[in-house]
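# Structural description and commentary
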Amino acid sequence: MADDRRIDPGDLGRRLAEAKERAEPKRDGLKREENRGWSIAIEFIGAILVGAFFGWLVDGWFGTGPYGMILFFLLGFGAGLRTVMRKSGDFDGNPDDNN
């Protein structure tokens, strides 16, 4: 009644590696999504800061007081918000498709 099948050590190692791979959670996708999230946040803040800087320059050149800075700050906010909305749609797709 003994089982006469022999176990190949190479086959056993391969099967163990496959089982271990299935059991471990995939963290690469999470890291990629986190990096994309940080990228969106940095672009949003950057757009606001660039807009405020240009507004400050316009105010300095034309002496318009805070109005140029306020206007360009709002434009930068709008541009940043547009970028966030566009790039947040990328999270719905495959992370390998968009960087």
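Preceding block: the structure.
What counts and how
Residues numbered from 1 in each chain as written. Predicted model: local features only at pLDDT ≥ 70, side-chain atom pairs only at ≥ 80, totals over all residues. Heavy atoms only, no water. Phe/Tyr/Trp six-rings, centres within 6.5 Å; stacked < 30°, edge-to-face > 60°. Helix = DSSP H or I, 4+ residues; strand = E, 2+ residues; numbered from the N terminus. Buried < 20%, exposed > 50% of the residue type's maximum accessible area, 1.4 Å probe, protein only. Salt bridge = Lys/Arg side-chain N within 4 Å of Asp/Glu carboxyl O.

With that settled, consider the packing of aromatic side chains. Aromatic ring pairs are described here by two measures, namely the spacing of the ring centres and the angle between the planes. If you walk through the whole model with that rule in mind, you get 3 aromatic pairs. A centroid spacing of 5.5 Å and a plane angle of 65° characterise the contact between Phe-44 and Phe-77, whose relative ring orientation is edge-to-face. Taken together, the residues span a long stretch of sequence, with Phe-44 in helix 2 (residues 28-62) and Phe-77 in helix 3 (residues 67-88) at a distance of 33 residues. With relative accessibility at 37%, the residue Phe-77 sits in the partly exposed group. Each ring, one from Phe-53 and one from Phe-54, has its centre 6.1 Å from the other, and the planes form 55°; the classification is tilted. Residue classification places Phe-54 among the partly exposed residues on the basis of a relative accessible area of 43%. Through a chain of ring-to-ring contacts, the aromatic side chains of Phe-53, Phe-54 and Trp-56 assemble into a single cluster.

This brings us to the pattern of salt bridges. Summed over the entire model, instances satisfying the criterion amount to 3 salt bridges. The salt bridge partner of Arg-14 is Glu-18, with a shortest N-O separation of 3.0 Å. Here Glu-18 and Arg-14 lie together in helix 1 (residues 9-23), a separation of 4 residues that amounts to about one turn. The class of Glu-18 is partly exposed, set by a relative accessible area of 36%. With a closest N to O distance of 3.3 Å, Lys-87 and Glu-43 form a salt bridge. Residue Lys-87 is found in helix 3, and its partner Glu-43 is found in helix 2; the two are separated by 44 residues along the sequence.

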